[in-house]
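Listed here are the chains, written in short residue letters.
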Amino acid sequence: QVHLVESGGGLVQAGGSLGLSCAASARTFGNYAMAWFRQASGKEREFLAGIDVSSTIPLYADSVKGRFTISRAKNTVYLQMNSLKPEDTAVYYCAADPSYYGSSEMEYEYWGQGTQVTVSS
């Protein structure tokens, strides 16, 4: 069982930066692939970035490539968000899975509760 807790959300102006963290409770966290998703109001949840166990093959959605960076250390996964836009406003979730690594929301077994990010214009 893995318990995930996101933090770092908040209000930021367009063009600004924000860093999110996701702390995992599992002692075997290092064996889980991790990912960040977001869900804007009235829209489906979308994949943003993923990082594998060895942190060597990060994945990014085209919408955030070059602006967002995913990383992991110890029992935490991070999402650094730069050049934020109002359309980045959403609830951001981290996800974990011991056997799947990719962009499919349905494949990730464990989810955090989400943290709100609001980008003002």
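Above: the structure in question.
The paragraphs below set out a description of the structure included in this document. (Residues numbered from 1 in each chain as written. Predicted model: local features only at pLDDT ≥ 70, side-chain atom pairs only at ≥ 80, totals over all residues. Heavy atoms only, no water.)

1. As for the nonpolar core
What counts here: Nonpolar cores are built from buried Ala, Val, Leu, Ile, Met, Phe, Trp, Tyr and Cys residues. Side-chain atoms within 4.5 Å join them into one set. Buried means the residue's accessible area, taken with a 1.4 Å probe over protein chains only, is under 20% of the maximum for its type, while exposed means over 50%, and partly exposed covers the values in between. Secondary structure elements are defined from DSSP: runs of H or I of at least 4 residues count as helices, runs of E of at least 2 residues count as strands, and each element is numbered from the N terminus. Any pair of residues with heavy atoms lying within 4.5 Å of one another is described as a contacting pair.
L4, M34, W36, L79, M81 and Y92 are the most contacted members of the largest nonpolar core, which has 35 residues in total. For this core, the elements supplying multiple residues, two or more each, are β3 (18–24), β4 (33–39), β5 (46–51), β7 (68–73), β8 (76–81), β9 (90–97) and β11 (115–120). Per-element tally for this core: the top contributor is β9, with five residues. Ignoring any residue separated from it by four or fewer positions in sequence, one finds Y92 in contact with E6, L20, F37, R38, L48, F68, L79, M81, G114, T115 and V117.

2. Focus: the pairing of β7
Within a regular beta strand, the side chains point alternately toward one face of the sheet and then the other, so they alternate between its two faces. The test is simple: Two strands pair if DSSP finds at least two bridges between them.
Alternating positions in β7 separate cleanly, F68, I70 and R72 being buried on one face and T69, S71 and A73 remaining unburied on the opposite face. With six bridges connecting them, β7 and β8 associate as antiparallel partners. Within the sheet, the bridge partner assigned to A73 lies in β8 and is T76. The turn linking β7 back onto β8 is made up of two residues, and K74 within it adopts a positive phi angle of 55°.

3. A look at the sheet that holds strand β1 (residues 4–7)
Quick note on the threshold: For every element, the axis is a line fit to its C-alpha atoms; helices are fit only across the contacting stretch, and the angle between N-to-C directions ranges from 0 to 180 degrees.
The strand order across the open sheet built from four strands is β1-β3-β8-β7, with neighbouring strands paired in antiparallel fashion. The strands lining the two open edges of the sheet, one partner per strand, are β1 and β7. Sheet twist, expressed as the mean angle between neighbouring strand axes with direction ignored, is 15°.

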